[in-house]
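Chains, contacts and geometry: an overview
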Amino acid sequence: MKKGIVPILALVLLLGLCSCFTTLPAKDDKPVYSTTDESKSAPEKNTAESGVDLSAVTAEDLEPQLEAFRSVCLESFMAEFSYDDGTYTRLYDPEADAYSADTAPAALVPSSELDGHPYSELYEGYTVDPADASCLEVKNFASIADIKENLSKYLDESLYDEKVGEDFFEFDGKVYAIRGGRGYGAVTCGKIIGIISGEGDSLTVTAERLYFDEPDGAYIFTVRVTDGVLKIISAAEEEAVG
């Protein structure tokens, strides 16, 4: 009887030792989850393909875009220039160039040099800018292309492209802003007053329209995720009724 028990005990002991070891998967093995396994499904989000969660966008998030749009309203286009640094006047040669919007000036002189002097005395042979515009050197951009590239981070080019060409020119390796005798900044953009989630990768944003800093209507923007960032791609202006 005892002789029969010994082999049985040995077999039980051997099986117990085997159960103590776990077979590890191969190094390259990865768990595979069925797409129908709800417990393994990723949570759904209101997120554009770029990863921007539109449902979480706030007015503060859109402030850089609005600041860029305000600069378009003010015709400064995020460029830094000041009358305190002095102004320049454009001179043309031949005279016909003075009446062509696409022609660069032949010379650019400090406006102070022309004060109180007949133009012919100082710059004989040149035609002074017939618009008598003040030209101010831009401090933070070296070219019109740089101005446009900066604006493209926040706005669709349709909102600024043609306007930049009208308000700036390049001369002798620098870029200058053109300022005429009219006023600037009467109408601009105020704070955001509403954000509505749109379809896909866009939002509808409403902001104050300001006339001499007083609310007077609204701007309605379409904001879209472009190249992974938020941009204003269109702007509609609504004046106050009455």
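Residues numbered from 1 in each chain as written. Predicted model: local features only at pLDDT ≥ 70, side-chain atom pairs only at ≥ 80, totals over all residues. Heavy atoms only, no water.

**Overview of the pattern of salt bridges**
Enumeration according to the criterion identifies nine salt bridges in this entry. We note a salt bridge from Arg-209 to Glu-237, for which the minimum N-O separation is 2.5 Å. Placement of Arg-209 in strand β8 (residues 202–211) and of Glu-237 in strand β10 (residues 229–238) is noted, with a sequence separation of 28 residues between them. Of the charged contacts in the structure, one is a salt bridge between Arg-209 and Glu-239, with a shortest N-O distance of 4.0 Å. With Arg-209 in strand β8 and Glu-239 in the segment after β10, this pair connects stretches of sequence that are 30 residues apart. A residue is classified by how much of its surface remains accessible, and Arg-209, at 6% relative accessible area, is buried. (Salt bridge = Lys/Arg side-chain N within 4 Å of Asp/Glu carboxyl O. Helix = DSSP H or I, 4+ residues; strand = E, 2+ residues; numbered from the N terminus. Buried < 20%, exposed > 50% of the residue type's maximum accessible area, 1.4 Å probe, protein only.)

**Quick word on the packing of aromatic side chains**
Under the defined criterion, the tally for this structure stands at eight aromatic pairs. Look at Phe-69 and Tyr-219: their rings are 5.1 Å apart centre to centre, the planes differ by 75 degrees, and that puts the pair in the edge-to-face class. Remark: Tyr-219 occurs in strand β9 (residues 214–226) and Phe-69 occurs in helix α2 (residues 63–73); sequence separation between them is 150 residues. The burial state of Phe-69 is the same as that of Tyr-219; both residues are buried. With a centroid separation of 5.5 Å and an interplanar angle of 20 degrees, the aromatic rings of Phe-169 and Tyr-176 are classed as stacked. Judged by relative accessible area, Phe-169 falls into the buried class, the value being 9%. The class of Tyr-176 is buried, set by a relative accessible area of 6%. Ring-pair connections join several aromatic residues into one group, and the members of that group are Phe-69, Tyr-219 and Phe-221. Taking the ring centre of Phe-169 as reference, the NZ or CZ of Arg-90 above it sits at 5.3 Å. (Phe/Tyr/Trp six-rings, centres within 6.5 Å; stacked < 30°, edge-to-face > 60°. Lys NZ or Arg CZ within 6 Å of the ring centre and 35° of its normal.)

**Observations regarding the sheet that holds strand β7 (residues 187–197)**
One open sheet accounts for four strands, arranged β7-β8-β9-β10; its pairing is antiparallel. Sheet topology places β7 and β10 at the edges, where each strand pairs with a single neighbour. Ignoring which end each strand starts from, the neighbouring axes of this sheet average 30 degrees apart. Bridging between β7 and β8 involves eight bridges; their strand directions are antiparallel. Across the sheet, residue Ile-195 finds its bridge partner in β8, namely Val-205. The strands touched by α2 are β7, β8, β9 and β10; relative to β7, the strand with the most contacts, the crossing angle is about 145 degrees. (Pairing = 2+ DSSP bridges. Axes fitted to C-alpha atoms, helices over the stretch in contact; angles between N-to-C directions. Contact = heavy atoms within 4.5 Å.)

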